[in-house]
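Architecture at a glance
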Amino acid sequence: MPLVSGKLLLEKANEMGFAVGAFNFNNMEFLKAILDGAQEEEAPVIVQTTESAIRYAGIDYLAGMVHAVKDSYRIPFALHLDHGRKVSTVLEAIRHGYTSVMIDLSDRPYEENLNTTRRVVSICAPLNIAVEAELGRLVGIEDNVESDEELLVDPQQAKEFALRTGIDSLAPAIGTAHGAFKFRGEAKLDYDRLRKVKELTNMPLVLHGASGVYYEYVAEINRYGGEVAGAKGVPDEELRRAIELGINKVNTDTDLRLAFLATLRRLISEERRNIDPRKFLKPAMEEVKEVVKRRIRLYGSSGMASLF
Ligand code: PH4
Ligand code: ZN
C-alpha cells in the first residue's frame, strides 16, 4: 500500500475515538517489528524517526527502507519526522517522502514556535503532509526539574496556537516525559488539562513520553547485568484514560528499546558459543513485535485498518 498522509490517520482516529500507535525506529529490526506487528493486528500505524535516528543511520537508509517495503504491507501507514527541530530537517524529510512531520520548538519562546510552525504548515499543507507541534515541555526526573505547572500546556494558548498555525495535531505537555524514568512515585498525568485542550481545540492530540516501561523487561535487563532499577512509565490504565479523553497518537520508543535489550542481554549471556548475530537479533525483533501488538490493542486500533 502507498504511504498515507498522517492527516488521514489522525482525523479518522479523532472521529472514531481511538489512538494510532507511533513507534520509533533507527534500524531494519525495529522497522520490520513495527510493520509486521501492525499488520498482524490489522491496524493503521505511524513509523517515525527523530533527528538523532537520522544522524545514526542516515535518512537515505531510514526512508529508503520504508519505501522499499511499503508495497509488501496491506495496512495504511505514515512515515513521520519526530521532534524535527529545524526547518531544514523538515525539508529533508519532505524530499525523502515523509507524509507527516513534527516541528518541535516547544523549548523556544512562544512567538518563535508559532511563527516557525506556521511557516512549516504553509510548506506542508499543499503537499498533504501532516504537521504536528508541541506546547509545554516534557521533563522527567532525569532533567532535575520538578514537573512544574508552568511546564505544562496552557489550554487557552493551545487553542490560539492551533488557530493561528493551522497545524493538524498538537502534542500538549500534560506531565509525561521521555525515557525510562518518568515519575518520582506514582504516574501523574494532568487529565483536567487534557480535557480542556481537547474541548478547546477538538483536534487530534498526541501523547509523547507514553511508554509503559513494563516491569518484566526492566527486571530482565537488571537480571542480566543492566542497571535500570527504579524505571517507571505510564501504566496501561492511565494511557487508556488519556485516549478516552482525546489522545489520538501515542508515541512509544522506550518500550521497544527495553524489550529488545532485555532479549539481547539474556541471549548473549545464555548462548555464549553463538557468534551469529542473527540468532540474537531475530528473537529480539520478535519481542519488539509483541510489544507493538500489545500497545496497538491498548490503543483500540486493532482492526481499524479496514476504515481506510
Ligand atoms: N519520542 C521518542 C523520542 C526518541 O532522540 P531519540 O531518538 O532518542 O528520541 O518522541 C517519544 O515520545 C517516546 O516516548 P517514550 O520514551 O516514553 O517511549
Ligand atoms: Zn517525543
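Refer to the structure printed above.
Every value quoted in this text rests on a predicted model; they were computed, and no experiment measured them.

All right, on to the overall build of the protein chain then. What the protein chain contains, in helices and strands, is 12 helices and eight strands. A globule of 308 residues ought to have a C-alpha radius of gyration of about 19 Å, and the protein chain, at 19 Å, matches this closely. Dimensions of the protein chain, computed from the C-alpha atoms along their principal axes, are close to 60 × 45 × 35 Å. With 308 residues in all, the protein chain has 58% of them scored as buried.

So, on to the packing of helix α5 (residues 87–95) against helix α6 (residues 110–124). The geometry of α5 relative to α6 is characterised by a closest axis approach of 11 Å and an angle of 15 degrees between their N-to-C directions. Here α5 lies roughly parallel to α6, going by the angle between them. As α5 packs across α6, the resulting crossing turns out to be right-handed. Contacts between α5 and α6 involve V87, V90, L91 and I94 from the first element and T116, R119, V120, I123 and C124 from the second. Across the contact of α5 with α6, the residue classes break down as seven nonpolar, one polar and one charged.

Residues in close proximity to ligand 1 total 17 residues, the closest being S52, D82, K182, S211 and T254. Between H178 and ligand 1, the recorded distance is 3.1 Å, taken from a side-chain N or O atom to an oxygen atom. A distance of 3.2 Å separates an oxygen atom of ligand 1 from a polar atom in the backbone of A210. A total of 480 Å² of accessible area belongs to ligand 1 in isolation, and the protein chains cover 84% of it. Of all elements in the fold, only β3 (77–84), β8 (247–252) and α11 (254–270) reach the threshold of two or more residues within the shell around ligand 1.

Within this structure, the stated rule accounts for three aromatic pairs. Considering the side-chain rings of Y110 and F161, the 6.0 Å spacing of their centres and the 50 degrees angle between planes classify their relative orientation as tilted. Residue Y110 is found in helix α6, and its partner F161 is found in helix α7 (residues 155–165); the two are separated by 51 residues along the sequence. Against the face of Y191 rests R241, its NZ or CZ located 4.0 Å from the ring centre. Over the aromatic face of Y214 sits the side chain of R294, whose NZ or CZ is 3.5 Å from the ring centroid.

A word on the coordination of the zinc ion (ligand 2). Around the zinc ion (ligand 2), the donor atoms from the protein are H83 (NE2), H178 (NE2) and H208 (ND1), and they sit 2.0 to 2.1 Å away. Between consecutive donors of the zinc ion (ligand 2), the numbers of intervening residues give the motif H-x94-H-x29-H. Here H178 is found in the loop between β6 (169–172) and α8 (191–201), whereas its partner H208 is found in the loop between β7 (205–207) and α9 (215–223), with 30 residues between them in sequence. According to the relative accessible area criterion, H178 is partly exposed, its value standing at 42%. Taking relative accessible area as the criterion, H208 reaches 2% and is therefore assigned buried.

Close contact between α6 and α7 brings their axes to 9 Å; oriented N to C, the two are set at 35 degrees. The chirality of how α6 crosses α7 is right-handed. Between α6, through Y110, E111, N113, L114, T117, R118 and V121, and α7, the contact on the second element is made entirely by Q157, E160, F161, R164 and T165. Of the residues assigned to the contact of α6 with α7, the class counts are four nonpolar, four polar and four charged.

Compared with the 18 Å implied by 1.5 Å per residue over 13 residues, the 18 Å span of helix α2 (residues 28–40) between its first and last C-alpha is a close match. Three or more residues of α2 are buried, namely E29, F30, L31, A33, I34, L35, G37, A38 and Q39. Capping the start of α2 is the job of one residue whose side-chain oxygen sits 3.3 Å from the backbone nitrogen of E29: N27. Phi for E42, located one or two positions after α2, is positive at around 50 degrees.

Right, let's talk about the side chain of E29 for a bit. Assignment of secondary structure puts E29 in helix α2. No salt bridge is formed by the buried E29. Its closest oppositely charged neighbour is R278, at 9.3 Å. Setting aside residues up to four positions removed in sequence, E29 forms contacts with F260, L281 and M285.

Of all five residues in strand β2 (residues 45–49), five are buried, a share of seventy percent or more. Taken together, the four bridges between strand β1 (residues 20–24) and β2 define a ladder with parallel strand orientation. In the sheet register, F23 faces β2, and the bridge partner there is V47. Handedness of the crossover is the feature at issue here: the chain leaves β1, passes through α2, returns alongside β2, and the resulting connection is right-handed. In the sheet, β2 pairs with β3 via five bridges, with the strands oriented parallel. Its bridge partner being in β3, T49 is matched across the sheet by L81.

Reading the values: rules and limits
Residues numbered from 1 in each chain as written. Chains lettered and ligands numbered in written order. Predicted model: local features only at pLDDT ≥ 70, side-chain atom pairs only at ≥ 80, totals over all residues. Heavy atoms only, no water. Helix = DSSP H or I, 4+ residues; strand = E, 2+ residues; numbered from the N terminus. Rg over C-alpha atoms; globule rule 2.2 N^0.38 Å. Buried < 20%, exposed > 50% of the residue type's maximum accessible area, 1.4 Å probe, protein only. Axes fitted to C-alpha atoms, helices over the stretch in contact; angles between N-to-C directions. Parallel < 35°, antiparallel > 145°, perpendicular 65-115°, else oblique. Left-handed = near helix turned anticlockwise from the far one by under 90°. Contact = heavy atoms within 4.5 Å. Nonpolar A, V, L, I, M, F, W, Y, C, P; charged D, E, K, R; others polar. Near = heavy atom within 4 Å. Polar contact = N/O pair within 3.5 Å; in protein donor to acceptor, adjacent residues only side chain to side chain. Areas by Shrake-Rupley, 256 points an atom, 1.4 Å probe, with all protein chains shown as cover. Phe/Tyr/Trp six-rings, centres within 6.5 Å; stacked < 30°, edge-to-face > 60°. Lys NZ or Arg CZ within 6 Å of the ring centre and 35° of its normal. Donors = N, O, S within 2.8 Å, 3.2 Å for Na, K, Ca; no water. Expected span 1.5 Å × (residues − 1). Lys, Arg positive; Asp, Glu negative; His and termini not counted. Salt bridge = Lys/Arg side-chain N within 4 Å of Asp/Glu carboxyl O. Pairing = 2+ DSSP bridges. Right-handed = clockwise from strand over helix to strand, strands pointing away.

Such coordinate-based values are descriptive only and should not be taken to indicate function.
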